[in-house]
Amino acid sequence: MTVVHAPDVLEGVPLELLVGGAWRPSASGQTFDVHDPATGEVLASIADAMPGDGMAALDAAAAAQSGWAAVPARERSEILRRAFDLVVVNRERIARLIASEMGKPVAEAYGEVDYGAEFLRWFAEEAVRHSGDYRRSPDGASRILVSRRPIGPCLLITPWNFPLAMATRKIAAALAAGCTVVLKPAPETPLTSLLFARLLQEAGVPDGVVNVVTTSDAPALCAPLIADGRIRKVSFTGSTPVGRLLVAQCGPQLVRPSMELGGNAPFIVLADADLDAAVEGAMIAKMRNMGEACTAANRFLVEASVADEFARLLGERMGRLRLGHGLDAGTEVGPLIDEAAQDRLGELVADAVAHGASVRVGGAAPERAGWFFAPTVLENVPAEARVSREEIFGPVAPITTFTEVDEAIRIANDTEFGLVAYLYTGDPARALRLAERLETGMVALNRGLVSNAAAPFGGIKHSGMGREGGREGIEDYLDITYVAVDA
Ligand code: NAD
């Protein structure tokens, strides 16, 4: 059964595996279904790769590695630039596909396409910038030549919440560095990656440089690839438990891991903040992607003297949001990714209420088809509630109050995560001092968004290791060689 809301979104989307430049079915001939989360209907059935298909993809990536590394950086850069142009030309088509398989409103999907495309342009520019250096040894007896080379074939594993941007963020950096890749997209949202891979072919990426394997059994496919020894790097974006497992799997072959994992972002509002701006930023930090973002504001920590007013304003905004299918005009909030996510949010709200929180707006799944959850604001949420400790990944905003700034910093840091923190205050010097005390990879000062292709995105503590984007993003894909010369 293929459907439905807009069948044309599937036009030109390959439904097979990309191995060594050829589109082919899984060796077993098996397929799995991709759903439209707003209706629960099957959107498409795609090739279900088995471990043997994964190995064939690795064979192709390994065979292409030395040829791709030898392609002049300028040429690699121009291919990436053409890929950027193609994504821009296909902006509407990609955005509608993202909205269909992932559920986000199409207006937000446009934002993802723009953000995702930017990595292609950024790394097209970085491809020709990375180089080595020349140093004199301190004793004057020798020279030190430092150069960089591609690390080798990479396994890239992406989540479902940003189907294009998580793929471009990794692929663009890897290709710029001269690495070949096997991409394993999330089974919930593989269609965007498949379409993007076709655009990469059109842009001139040689056969075998980018291979894509879609599978319903990621552990069975990925573990043998990491154990093989030819994969030299795993770049993963996803949950912290899976990240831990992959780092352990990287151990025996000393494969270099980059891990972009979960978050539990504090959103701190001090009494001297511009409250309207804070609410505006809160809407972005909480509701981008329906709250299904690792960077989503997870805990609102608001100074007691302004907490009632902040909750009132945020509740009004959240309560007015329109739910609907991502492709329908006027939709502001799409569905969650699946039924389990919907059930889990219901449990988190019930647990918060059992711990003494009160529901200002929302609080439940609405009576309608699809995996929706009403935008929700909770007040007086204690630190012991699950919603304060776990990544929410949905449109639920828990508010906790504090009276001393030191208390806010202590609560903010009281988590194993450390991806991003948001801070609103009218005092710039105070903002910088406090930002230094937050245990996190990124801080947003008086704004609700940190993502930027030109910035080093990433976390500390259990939010991960390595950085994507910025000047740092390409480094993860490069090895260093130093040559000693008597001179
Ligand atoms: P997930 O960890 O369940 O899955 C992520 C990917 O890993 C998917 O492609 C999945 O198929 C694959 N996978 C699962 N088990 C695997 C295994 N044993 N071996 C190899 N691959 C495996 O995460 P998700 O639910 O898709 O995504 C949500 C999570 O991703 C959240 O925790 C979110 O915070 C995180 N995330 C982080 C960032 C970041 O940059 N830090 C960005 C987006 C999402």
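Source: prediction; values computed, not measured.

Engineer: Explanation requested: the environment of T440 in the structure shown.
Structural biologist: You can see T440 is positioned in the loop between α14 (428-437) and β18 (442-445). Spatially, the C-alpha atoms of T440 and S463 are 8.7 Å apart, while their sequence positions differ by 23 residues. With residues up to four places along the chain from it excluded, the contact list for T440 reads G418, L419, V420, A421 and I460. Within the structure, T440 has its side chain in polar contact with the backbone oxygen of L419 (distance 3.0 Å). A polar side-chain atom of T440 sits 3.0 Å from the main-chain carbonyl oxygen of M442.

Engineer: What's the story with the site of the ligand in this structure? I'm lost.
Structural biologist: Around the ligand, the structure places 29 residues, and the nearest of them are T158, R169, S239, L261 and E391. Within the side chain of K184, an N or O atom sits 2.8 Å from an oxygen atom of the ligand. The side chain of E391 places a nitrogen or oxygen atom 2.4 Å from an oxygen atom of the ligand. Expressed as a share of its isolated accessible area of 840 Å², the protein-covered part of the ligand is 88%. Within the residue set of the shell around the ligand, elements represented by two or more residues are α5 (165-177), α7 (218-228), β10 (233-237) and α8 (240-250). Looking at the shell around the ligand residue by residue, the class counts come to 19 nonpolar, 6 polar and 4 charged.

Engineer: Mind showing me how you'd approach the nonpolar core here?
Structural biologist: Across soluble globular proteins, you tend to see nonpolar side chains buried next to one another. Counting 128 residues, the largest nonpolar core has I171, L191, F267, F310 and L314 as its most contacted members. Leaving out residues up to four positions away in the same chain, L314 has contacts with V279, A282, M283, V377, A397 and I399.

Engineer: Any chance you could explain the packing of aromatic side chains here in plain terms?
Structural biologist: Within a pair of aromatic rings, the relevant descriptors are the distance that separates the centres and the angle that separates the planes. All told, the structure shown has 6 aromatic pairs when counted by the stated rule. Here the aromatic residues F267, F300, F310, Y422 and Y424 are joined through ring pairs into a cluster of three or more. Cation over ring: R169 sits above F457, and NZ or CZ is 4.2 Å from the ring centre. A cation sits over an aromatic face here: R288 above Y115, 5.9 Å from the ring centre.

Engineer: So what exactly am I meant to see when it comes to the sheet that holds strand β5 (residues 133-136) here?
Structural biologist: In any sheet, the strands associate via hydrogen bonds between backbone groups, in a parallel or an antiparallel arrangement. If you walk across this open sheet you meet the 3 strands as β5-β6-β20, and the pairing is antiparallel. Looking along the sheet, the strands with just one partner apiece sit at the ends: β5 and β20 (478-486). Going from strand to strand, the sheet's axes swing by 25° on average, the running direction of each strand aside.

Engineer: Where do I start with the sheet that holds strand β12 (residues 265-269) in this structure?
Structural biologist: As summarised here, the arrangement of the 7 strands in space is β14-β15-β16-β13-β12-β17-β18, forming an open sheet in which the pairing is mixed. Of all strands in the sheet, those bounded by a partner on one side alone are β14 (358-361) and β18. Across the sheet, the mean angle from the axis of one strand to that of its neighbour is 25°, orientation sign disregarded. Judged from the 3 bridges that link them, strand β15 (residues 376-379) and strand β16 (residues 396-402) form a sheet pairing that is parallel. Looking at β16, one finds that L378 is bridged to P398. Here helix α10 (residues 304-320) sits on the sheet and contacts β12, β13 (297-303), β14, β15 and β16; the angle it forms with β13, its principal contact strand, is near 140°. The strands that α14 touches are β17 (420-424) and β18; relative to β18, the one it contacts most, it runs at about 160°.

Criteria and thresholds
- Residues numbered from 1 in each chain as written.
- Predicted model: local features only at pLDDT ≥ 70, side-chain atom pairs only at ≥ 80, totals over all residues.
- Heavy atoms only, no water.
- Helix = DSSP H or I, 4+ residues; strand = E, 2+ residues; numbered from the N terminus.
- Contact = heavy atoms within 4.5 Å.
- Polar contact = N/O pair within 3.5 Å; in protein donor to acceptor, adjacent residues only side chain to side chain.
- Near = heavy atom within 4 Å.
- Areas by Shrake-Rupley, 256 points an atom, 1.4 Å probe, with all protein chains shown as cover.
- Nonpolar A, V, L, I, M, F, W, Y, C, P; charged D, E, K, R; others polar.
- Core = buried A, V, L, I, M, F, W, Y, C linked by side-chain atoms within 4.5 Å.
- Buried < 20%, exposed > 50% of the residue type's maximum accessible area, 1.4 Å probe, protein only.
- Phe/Tyr/Trp six-rings, centres within 6.5 Å; stacked < 30°, edge-to-face > 60°.
- Lys NZ or Arg CZ within 6 Å of the ring centre and 35° of its normal.
- Pairing = 2+ DSSP bridges.
- Axes fitted to C-alpha atoms, helices over the stretch in contact; angles between N-to-C directions.

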